[in-house]
Amino acid sequence: MKNICVKADAQNIDEVFDFIEGELADIESVCRMDVLKIHMIVDEIFTNISSYAYDNDNGTTTISFDYKTGNDYISLTFTDQGRPYNPLEEKLPDMELSAGKRKIGGLGVLMVLNIADDIHYEYKDGSNILTIIKHIGQDQE
C-alpha cells in the first residue's frame, strides 16, 4: 500500500492525481476507461473533503492506494480528521424529477456510487475513513 498526505485544499488535486496516475501506470491490466473512472472518483472525494471536512485551513487528507499483483481491483482509502461524514448515508437526489425541481447537491456521491464496485465508510479514532474498491481491466476502451 502506498500513501500520500496533502493539505485538504482543492489546489492540491494535481498532486493527488499525479500520485494516483503514477500508481496506475505500473499496472498492466489498467485500461483507459479505468483511469478515467478512477480520476472521477478521486476528484469528487478529494474535492468534497477539501470543501467540507474542515472549518479551517489546517486539515490534511491521506490517500492510500493498494493493488497487489494478480488482483483485478484497486483500493483507494481517503482518511481525514474533519467533521464526521458518512457519504453512504447521504440522501440521493431523485433522478425522476427535472433538474429544476431537484434539491441541489448529491450528484457527485451518486456518481461515485455508480462507478465504484464497493464502498465502505467508518469513523474511527477521530478519523473519517472511506475505502473505495474499483475493479480494473474489465472495461472496453
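Above this text you will find the structure in question.
What counts, and where the lines are drawn
- Residues numbered from 1 in each chain as written.
- Predicted model: local features only at pLDDT ≥ 70, side-chain atom pairs only at ≥ 80, totals over all residues.
- Heavy atoms only, no water.
- Helix = DSSP H or I, 4+ residues; strand = E, 2+ residues; numbered from the N terminus.
- Expected span 1.5 Å × (residues − 1).
- Buried < 20%, exposed > 50% of the residue type's maximum accessible area, 1.4 Å probe, protein only.
- Arc of directions from axis to C-beta.
- Pairing = 2+ DSSP bridges.
- Axes fitted to C-alpha atoms, helices over the stretch in contact; angles between N-to-C directions.
- Contact = heavy atoms within 4.5 Å.
- Core = buried A, V, L, I, M, F, W, Y, C linked by side-chain atoms within 4.5 Å.
- Polar contact = N/O pair within 3.5 Å; in protein donor to acceptor, adjacent residues only side chain to side chain.

Caption draft 1: Broad picture of helix 1 (residues 13-25). For helix 1, which comprises 13 residues, the first-to-last C-alpha distance of 18 Å matches the rise-based estimate of 18 Å (1.5 Å per residue) to within 8%. The complete set of buried residues in helix 1 reads I13, V16, F17, F19, I20, E23 and L24. End-on, the buried residues of helix 1 take up no more than an arc of 160°, which puts them together on one face. Opposite the packed face of helix 1, turned more than 90 degrees from it, sit the exposed residues D14, D18 and A25.

Caption draft 2: Inspection of the pairing of strand 2 (residues 60-66) at higher detail. The buried fraction of strand 2 amounts to five of the seven residues, a majority that puts the element mostly inside the structure. Bridge count for strand 1 (residues 2-7) against strand 2 is six bridges, and the pairing is antiparallel. Bridge assignment links C5 to a residue of strand 2, and that residue is T62. As paired strands, strand 2 and strand 3 (residues 73-80) are joined by six bridges and run antiparallel to one another. Looking at strand 3, one finds that I63 is bridged to F78.

Caption draft 3: Structural detail: the sheet that holds strand 2. Read from one edge of the open sheet, five strands run 1-2-3-5-4, paired in antiparallel fashion. With one partner strand each, in any of the chains shown, strand 1 and strand 4 (118-124) form the two edges of the open sheet. When the angles between neighbouring strand axes are averaged without regard to direction, this sheet yields 15°. Of the strands in this sheet, strand 1, strand 2, strand 3 and strand 5 (127-135) are in contact with helix 2 (residues 32-52), which crosses strand 3 at around 10°.

Caption draft 4: The arrangement of the nonpolar core in detail. Ranked by internal contacts, the top residues of the largest apolar core, which has 32 residues, are I20 and I132. Counting residues per element, the ones that place at least two in this core are strand 1, helix 1, helix 2, strand 2, strand 3, helix 3 (107-115), strand 4 and strand 5. If we skip the residues at most four places from it in the chain, I132 touches I41, I45, I74, S75, L76, F78, V112, A116, D118 and I119.

Caption draft 5: Geometry of the side chain of S64. As for its position among the elements, S64 is in strand 2. A distance of 2.4 Å separates polar atoms of two side chains, one belonging to S64 and the other to N3. Setting aside its immediate chain neighbours within four residues, S64 contacts M1, K2, N3, S75, L76 and T77.

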